[in-house]
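Spelled out, the chains give:
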Amino acid sequence: MTQALHPATDRVEPFPSPPPSCWERLARLAPHRLAAIEACLAPAPHALPAGIVGRGMDLERLQALAQDLVPALVPPALERASASRQLGHLGGRLCAEAAMAAASGRRVGIGIGIGIGESGAPLWPADLVGSISHTRGGAWACVGLRPAWSMVGIDSELLADADAVRSIVELCCTAEERRRWFPRAPDPLLATLLFSAKESVYKAIHPVVRRFVEFDEVELVALDAGRGALRLRPVPGGSLAARFDGFELTAVIAGDQVHTALVAGA
């Protein structure tokens, strides 16, 4: 598990105005490295519907190519953050801008960047909806055009270790989830899937509800591992139940990584 709290609620000072494009700043700082860094981009591993563009990047490759440039490319609020935090932020933004360009039919590096909201969540241009995730080894982003798409949330996690599994079951599950899904020794893959799915739900609905959503406000009600399909729903009687019937998510398991996605049309 790579995050103890929702990634979108990292305590980062807001930077609401769209910043300059990370790719444009990179081109000014090190134009001779631009092609090599752009070559690090790959399709995101998440299961996404047609019309949603996903991009990913290996952070070790990015670090090898741009380690000395990272501090100059992150916002002032992250100047004192750890090197890994800065690298993950930059990788996520580079992926997001590349996905934005592809979704809009533009060349990478043309256009504005992505601001930071009061909760730390990305501020997307009004005509786009998107989501960003990263682990210690990779960064990913996906983007769709409005009004065709209304909500997008992705999350990526490394397979939870024993301590993380215990925390997920104790702190991130409802009583019904513990009874139904973890009646005996918790399964690390199931725990990671559940945690990641809740993160994807949170990221997708955060621009709509505009508040912190607790882990026990939604629960896993169906899982088809063979199809990589999950269904979560708001806990009955909770405030989210009046706004959402349920959430259909996809999951991809790739080695020791779990990638979940929630994408909703208009």
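Computed from a prediction, not measured in an experiment: that's the story for all the values here.

Below, the discussion takes up the packing of aromatic side chains. Counting across every chain of the model gives three aromatic pairs. Taking 6.0 Å as the distance between ring centres and 55 degrees as the angle between the ring planes, the aromatic pair formed by Y202 and F212 counts as tilted. A residue pair is termed long-range when its members are at least 10 positions apart, and Y202 in helix 8 (residues 188–209) and F212 in the loop between helix 8 and strand 8 (218–224) qualify at ten residues.

What follows covers the confidence of the model for the protein chain. Summarising the model, the protein chain shows a mean pLDDT of 91, and 92% of its residues fall at 70 or more. This model gives residues 1–5 a pLDDT under 50, and the stretch forms 19 contacts once residues within four places in sequence are excluded. Across residues 7–12, confidence stays below pLDDT 50; counting only partners more than four residues off in sequence or on other chains, it has 21 contacts.

Let us look at the pairing of strand 8. Here six bridges tie strand 8 to strand 9 (residues 229–234), and the two strands are oriented antiparallel to one another. What sits directly across from A222, in strand 9, is R231. Count of turn residues in the strand 8/strand 9 antiparallel hairpin: four residues, of which G228 carries a positive phi of about 65 degrees.

Thresholds, definitions, all that
- Residues numbered from 1 in each chain as written.
- Predicted model: local features only at pLDDT ≥ 70, side-chain atom pairs only at ≥ 80, totals over all residues.
- Heavy atoms only, no water.
- Phe/Tyr/Trp six-rings, centres within 6.5 Å; stacked < 30°, edge-to-face > 60°.
- Helix = DSSP H or I, 4+ residues; strand = E, 2+ residues; numbered from the N terminus.
- pLDDT = per-residue confidence, 0-100.
- Contact = heavy atoms within 4.5 Å.
- Pairing = 2+ DSSP bridges.

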